[in-house]
Amino acid sequence: MEKRNIIIILAIILVQLFGNTSYAMEEKSILILVDELDLEVLEDITDGINFGTGLMNIKTRKPFGVESYYFSIAAGRKVGIKPEYYKGLYKDENGTIIISGYEDMVKDLSKGINNIKTNVLGEKLKDEGISYIGDNSSAIVAANNTGSINYGEIEIKYHKNWLINKTNLHLSKSNILVLSYNIDQTNYRVRLLKDYIQEYKDYNIFILPKKVSKRMEYIINSSLVPVIYINGKDNGMIKSSSTKREGFITIEDIYGELLSIYGEKDSSIIGNKINIVERQNNLNNIKDLFKKTINLILITYIFHGLVYFVQGYTAYYIYKNRKDKLDKINLFNSFIVINIFIGLLMGASSLHINIALYLFINLLTSYIITIFMADRDVNTIKLFATLTYGLIILGIIFYPETIYNSYIGFNNLFYGARYYGFNNGIMGVLLVSSIISCYFVMELFKNEFLKNLICLIHVFTNMIVLSANYGANTGGFLTALALFLIIIYTNLLGKNWNIKNLALLILAGILIFGVNMYFDYLSNEKSHAINFFIRLKTHGISEFVDMFRIKARELIKLTLLPPFSIVLVAQAISLRTLLNGINENLKKQTYIILITGIIGFLLNDTGMITFIYMTHYLISLLVYNRENPSRI
């Protein structure tokens, strides 16, 4: 009897020590929200420890501001909050931190997003306990659905003992701490932060700046910042399924990683788990990555500007009916088509680190090839469109970095909308070059079966590389699907079309789209599209309305703004003249390109770029045909 009593007493003691009310043995996480972070400070505070690092785009929905940023982290999705809603922090009689104005924020967000209150971090992980140390609106990250935080401080003292004592106190009551820390570009606070990180280096630590450091701020960079993720063991570059690119994560991934750490599963979330890819010298890697990213966006602006200038130049002299300028117009357009091919080839190199060298080699090579091809008895536009098409297909399947490192395939990481797959520029080049390549190769054969087979191979390949498995661009896949149906309709059905055949084509299109979505759903790394459908099921029609409103507003805004509006008008002027007097075979290609371009324009938020590049190739082809009517 006495022995049994001893066992019962020991059991009670163990329950008290390791019961659910204690967080002593649980996984601990600290989110340090700093004012800014540059690569020099990053190097100082991480000296001697293992850590993951990379870049994150802090751009949110409008209105931009720190409240929008903090709520985006808390909600796991980009949102926009009016800064005037935040009224301050205070503690009630029980010591609970209250965010004044939180209800107004939630009420405003609830107009477009369902269940926002139940999905914030403080509510989702309330069983883990979240505490806060700070004196500003960063408390939003830790708040539950009522805007309150059970444990924490509404002040911060930049003294080591105070910080460590308060951190230990609140992490004894909770598993997650949100710490607001202003570095203020002072050496003392950098050293203090370094000591703090050393103290808790075995915990999960996220260091996230709220703005771009002055040292990293360029005209083109107002939103890309370095971030740090420490998980106690790994050293390297951070990566997630959201970006599929080493060295990049999204705001939403912070939410996704925290849910992953604490075993919470939610198929409707946008963010994903963060992985650290092992690298020996991650500091050099992030420095090179940032420099390459800056250089690539500058290169992209330069060459896109060159394309737009040539479109304006072409339109001006065509409008003036200057036939004597056709030779020069043809030379310029051929140069651009060749330059796109050279740009893709150079994507396999690391020449982007030196802009001057990159521009010299790119422009000189393009010029030499253009002059060399000028007197050759082959259609330069068709030949290089075919070569470009083959290079894009090989690149996206075997080495996507080739695409990403070219100015036509570069995803604007400063814009923060796309990190992998085809952007709308490369999508337009892919589709238009596939159409031109298809007819160019068909001209080499007389057998009708082989011609039809060539067409089918081209359009099927388009759908494969623009599917969720590669491109993760639903608008791109739908455009490729539309091109497939157009080719079937024009090349295979010919004159034998009727309502029944049209209905069958539409059903085939729906079936193909459904199969693509089904395999996407079964995959481990789901695309943006399937995640959207999951969120639509969870949050209702408001998710669709919000997405449609954002995409439509973006399309209309960019279409009306220069330089896009100017280029579109210029291309319309050129086409008005060039479409007259073309032969039947070229006319078929022309209308396939135009219809596909219009579909791409309407289905994508930056669809005007798709249309501009498809139309550029078309104008180049039409000008070449007028200047060299006898060539293949």
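Since the model is a prediction, treat every value here as computed from it, not as a measurement. Here, residues in each chain are numbered from 1, in the same order as that chain's written sequence. Only residues with pLDDT of at least 70 get local features here, since the model is predicted, and only at 80 or more are side-chain atom pairs given and counted; chain-wide, interface and lining totals rely on the full set of residues. Processing note: side-chain calculations cover all non-hydrogen atoms of the structure and skip hydrogens and water entirely.

Colleague: Summarise the environment of K325; cite the residues concerned and give the values.
Modeller: We count a stretch as a helix when DSSP gives it H or I for four or more residues in a row; a strand needs E for two or more, and each element gets its number in order from the N terminus. Mapped onto the secondary structure, K325 falls in the loop between α9 (282-319) and α10 (326-346). Here the alpha-carbon distance between K325 and T314, two residues eleven residues apart in the chain, equals 9.0 Å. Any pair of residues with heavy atoms lying within 4.5 Å of one another is described as a contacting pair. Those residues in contact with K325, other than ones at most four positions away along the chain, are Y313 and Y317.

Colleague: Which residues make up the side chain of S180, and what values go with them?
Modeller: With respect to the secondary-structure elements, S180 resides in strand β8 (residues 176-181). Owing to a relative accessible area of 4%, S180 belongs among the buried residues under this scheme. A polar contact of 2.9 Å, which involves the side chain of S180, links it to the side chain of N136. Leaving out residues up to four positions away in the same chain, S180 has contacts with L33, Y132, I133, G134, N136, S138, I156 and Y158. Each residue gets one of three labels from its accessible area relative to the maximum for its type: buried under 20%, exposed over 50%, partly exposed in between, using a 1.4 Å probe on protein chains only. Here a polar contact means two N or O atoms within 3.5 Å. Within protein one must be a hydrogen donor candidate and the other an acceptor candidate, and residues neighboring in sequence count only if both atoms are side-chain atoms.

Colleague: Requested: an account of the packing of helix α14 (residues 424-442) against helix α21 (residues 584-603), with residues and values cited.
Modeller: Two elements in contact, α14 and α21, have axes separated by 10 Å at closest approach and are oriented at 160 degrees. In terms of orientation, α14 lies roughly antiparallel with respect to α21. The interaxial crossing formed by α14 with α21 has right-handed handedness. Residue-level inspection shows L431, V432, I435, I436 and Y439 of α14 in contact with α21, the latter providing N585, K588, Q589, I592, I593 and T596. Ten residues, namely Ala, Val, Leu, Ile, Met, Phe, Trp, Tyr, Cys and Pro, are considered nonpolar, four, namely Asp, Glu, Lys and Arg, are considered charged, and the remaining ones, Gly among them, are considered polar. Partitioned by chemical class, the residues of the contact of α14 with α21 number seven nonpolar, three polar and one charged. Angles run from 0 to 180 degrees between N-to-C directions of axes, and those axes are lines fitted to C-alpha atoms, restricted for helices to the stretch in contact. These descriptions rest on fixed angle ranges, namely under 35 degrees for roughly parallel, over 145 for roughly antiparallel, 65 to 115 for roughly perpendicular, and the rest for oblique. Should the near helix be turned anticlockwise from the far one by less than a right angle, the crossing is left-handed, and should it be turned clockwise, the crossing is right-handed.

Colleague: Describe the side chain of S131, and please don't skip the residues or the numbers.
Modeller: Tracing the backbone through its elements, the reader meets S131 in strand β5 (residues 130-133). In this structure the side chain of S131 is engaged in a polar contact, spanning 2.9 Å, whose partner is the side chain of S174.

Colleague: Account for a nonpolar patch on the surface, naming residues and giving values.
Modeller: A surface patch of nonpolar side chains, about 710 Å² in accessible area, is lined by L331, F332, L357, F360, L364, Y367, I368 and I371. Of all the secondary-structure elements, those providing two or more residues to the nonpolar patch are α10 and α11 (355-374). Per-element tally for the nonpolar patch: the top contributor is α11, with six residues. Looking at where I371 falls in the secondary structure, it is placed in helix α11. Taking relative accessible area as the criterion, I371 reaches 37% and is therefore assigned partly exposed. Residues qualify for a patch when their relative accessible area is over 30% and they have no salt bridge, like charges being joined within 9 Å and the nonpolar side chains of Val, Leu, Ile, Met, Phe, Trp and Tyr within 5 Å. Reported accessibility uses the Shrake-Rupley method at a 1.4 Å probe radius. Residues are deemed covered only where the shown protein chains occlude them. Whenever Lys or Arg places a side-chain nitrogen within 4 Å of a carboxyl oxygen from Asp or Glu, that contact is recorded as a salt bridge.

Colleague: Which residues make up the packing of aromatic side chains, and what are the values?
Modeller: The rule is short: rings of Phe, Tyr and Trp, with Trp giving its six-membered ring, pair when the centres are within 6.5 Å, and they are stacked under 30 degrees, edge-to-face over 60, tilted in between. Evaluation of the coordinates by the stated rule reveals 17 aromatic pairs. For the ring pair F71 and Y102, a centre distance of 5.7 Å and an interplane angle of 20 degrees mean the geometry is stacked. Remark: Y102 occurs in helix α4 (residues 102-110) and F71 occurs in helix α3 (residues 66-75); sequence separation between them is 31 residues. For F71, a relative accessible area of 0% corresponds to the buried category. Exposure remark for Y102: the relative accessible area of 1% places this residue in the buried category. Pairing Y308 with F564 gives two aromatic rings, centres 6.1 Å apart and planes at 75 degrees, and the pair type is edge-to-face. Separated by 256 residues along the polypeptide, Y308 in helix α9 and F564 in helix α20 (residues 564-578) bring together distant segments of the chain.

Colleague: Describe the pattern of salt bridges, listing the residues and the values that go with them.
Modeller: This structure, assessed with the given rule, holds 16 salt bridges. The partner of E123 in a salt bridge is K126, and the shortest N-O contact between them spans 2.9 Å. Using a relative accessible area of 49% as the deciding quantity, one classes K126 as partly exposed. A salt bridge links K557 to E554; the shortest N-O distance between them is 3.7 Å. With a gap of three residues between them, K557 and E554 both fall in helix α19 (residues 541-560), about one helical turn apart. A network of salt bridges, in which partner residues are shared, links D38, E40 and R215.

Colleague: Which residues make up the environment of A143, and what are the values?
Modeller: Of note, A143 is situated in the loop between β5 and β6 (148-149). As a C-alpha pair, A143 and I97 span 46 residues in sequence and 8.7 Å in three-dimensional space. In contact with A143, not counting residues within four places along its chain, are I99, Y102, V120, G122, E123, S148 and I149.

Colleague: Can you lay out α9 for me, pointing to particular residues and giving the numbers?
Modeller: Between its first and last C-alpha atoms α9 spans 55 Å; for 38 residues at 1.5 Å apiece the expected length is 56 Å, and the two agree. In the segment just after α9, N321 is the residue with positive phi, at about 60 degrees. A helix's residues, less one, multiplied by 1.5 Å, set its expected span.

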